[in-house]
Structure formats: structure tokens, C-alpha cells
Amino acid sequence: MSFESPKPFQDFAHFPRGLRRCGEFTVAEALLLEQCGHAMLSLYTGQRAPATDEEQRFIEQVQQGAALNNNHAKVWLKYLKVIGPRRVHRLCTPMQSSSNDEDFEPVEDVAE
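A brief structural summary. Computed from a predicted structure; not experimentally measured. (Residues numbered from 1 in each chain as written. Predicted model: local features only at pLDDT ≥ 70, side-chain atom pairs only at ≥ 80, totals over all residues. Heavy atoms only, no water.)

### Quick word on the overall build of the chain
Then step 1. Within the chain one finds three helices and zero strands.
Then step 2. Moving toward the C terminus, one meets the helices and strands of the chain in the order α-α-α.
Then step 3. Pairs at least 24 residues apart make up 52% of the contacts formed inside the chain by residues separated by at least 6 positions.
Then step 4. If you sum the accessible surface of the chain, you get close to 8,900 Å²; carbon and sulfur atoms cover 51% of it. (Helix = DSSP H or I, 4+ residues; strand = E, 2+ residues; numbered from the N terminus. Contact = heavy atoms within 4.5 Å. Areas by Shrake-Rupley, 256 points an atom, 1.4 Å probe, with all protein chains shown as cover.)

Structure below.
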């Protein structure tokens, strides 16, 4: 059997409430991650060699970044996307410094 894991996969660093309760995965995706997550992680990091053709296809599709028909690869790519760095969208741009900064003299408040 492929994707055997001795214990359930949990990532409390990224999902402190658990994979099922995080809101990022469907129930089926969370179950697949919990059941096969350790095997997918060890295959992804290269700690384990693929034992079946399905595991070999998983590695190839994850390296390509496109899962065609492999549910394990789809869920793992979604997992990597969720835990990856977040993009920050800013509504304003930083002020540009002008070349006339030497000519600028701050005005002092003088109480009269």
C-alpha cells in the first residue's frame, strides 16, 4: 500500500487548532493529510524513496507544481500554498525622497 504513515499528521505550528478546524481544507482533504501527511512529507523532502508508481508520480507532479489527477499531489500542493509566505498588498507607496533634501531647512516653532 502506498503513502503509509505510522501516525496521524498534525502541523500545530501552522494550524494550532488542527487541520480539520483550520478552515483551509475540506473534510476529505484534511483526512487525507492526516492519514498520509508523514509519507507525503518524507517523499517531498527526499527522506524516503518512492515505493510505488503512485508515489513516484506524486514526486514528479509536486516538483512540477501541477497535479493532474493525483489527489495526494493536489492536497500537498494546497498544503504548501497555505503554509507558504503570504503576499502583502499595500494601498500606498513609500514617499520618494527628492534631490533637494539639502536645501530643506526645518522651521522651528518659536513661541512669541
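### Some thoughts on the pattern of salt bridges
Then step 1. One pass over the full model with this rule turns up three salt bridges.
Then step 2. Where Glu 34 meets Arg 20, a salt bridge forms, and the shortest distance between an N and an O atom there is 2.9 Å. Note that Glu 34 is positioned in helix α1 (residues 27-45) and Arg 20 in the segment before α1, a separation of 14 residues in sequence.
Then step 3. For Glu 34, a relative accessible area of 12% corresponds to the buried category. (Salt bridge = Lys/Arg side-chain N within 4 Å of Asp/Glu carboxyl O. Buried < 20%, exposed > 50% of the residue type's maximum accessible area, 1.4 Å probe, protein only.)

### Comments concerning the environment of Ile 83
Then step 1. When you line up the elements, Ile 83 lands in helix α3 (residues 71-83).
Then step 2. Counting along the chain gives 68 residues from Ile 83 to Phe 15, while the straight-line C-alpha distance between them is 9.0 Å.
Then step 3. With residues up to four places along the chain from it excluded, the contact list for Ile 83 reads Asp 11, His 14 and Phe 15.

### Focus on the nonpolar core
Then step 1. Ranked by size, the top nonpolar core spans 21 residues in total, and within it Phe 25, Leu 33 and Phe 58 carry the most contacts.
Then step 2. Broken down by secondary-structure element, the contributors of at least two residues to this core are α1, α2 (53-64) and α3.
Then step 3. Looking at this core, the element that brings in the most residues is α1, giving seven residues.
Then step 4. If near-sequence neighbours (up to four positions away) are discounted, Leu 33 is found in contact with Phe 9, Leu 19, Phe 25, Met 40, Val 75, Trp 76 and Tyr 79. (Core = buried A, V, L, I, M, F, W, Y, C linked by side-chain atoms within 4.5 Å.)

### Concerning α2
Then step 1. The first and last C-alpha atoms of α2 sit 16 Å apart over twelve residues, in line with the 16 Å expected at 1.5 Å per residue.
Then step 2. Within the sequence span of α2, burial applies to Glu 55, Phe 58, Ile 59, Gln 61 and Val 62.
Then step 3. One or two residues past the end of α2 sits Gly 65, with phi positive at roughly 80 degrees. (Expected span 1.5 Å × (residues − 1).)

### Concerning the side chain of Glu 34
Then step 1. Within the local environment of Glu 34, its side chain forms a polar contact with the side chain of Gln 10, the two groups lying 3.4 Å apart.
Then step 2. At 2.9 Å, the side chain of Glu 34 forms a polar contact with the side chain of Arg 20.
Then step 3. Once you skip the residues sitting within four places of it in the chain, Glu 34 turns out to touch Lys 7, Pro 8, Phe 9, Gln 10, Leu 19 and Arg 20. (Polar contact = N/O pair within 3.5 Å; in protein donor to acceptor, adjacent residues only side chain to side chain.)

### Structural notes on the packing of aromatic side chains
Then step 1. Summed over all chains, the structure comprises seven aromatic pairs.
Then step 2. Taken together through their ring pairs, the aromatic side chains of Phe 9, Phe 15, Phe 25, Tyr 44, Trp 76 and Tyr 79 make up a single cluster. (Phe/Tyr/Trp six-rings, centres within 6.5 Å; stacked < 30°, edge-to-face > 60°.)

### A closer look at the environment of Phe 58
Then step 1. With respect to the helices and strands, Phe 58 occurs in helix α2.
Then step 2. On the basis of relative accessibility, which here comes to 0%, the residue Phe 58 falls in the buried class.
Then step 3. Through-space distance from the C-alpha of Phe 58 to that of Trp 76 is 9.1 Å; in sequence the pair is 18 residues apart.
Then step 4. Discounting residues that sit within four places of it in the chain, Phe 58 has contacts with Phe 3, Met 40, Leu 43, Asn 70, His 72, Ala 73 and Trp 76.

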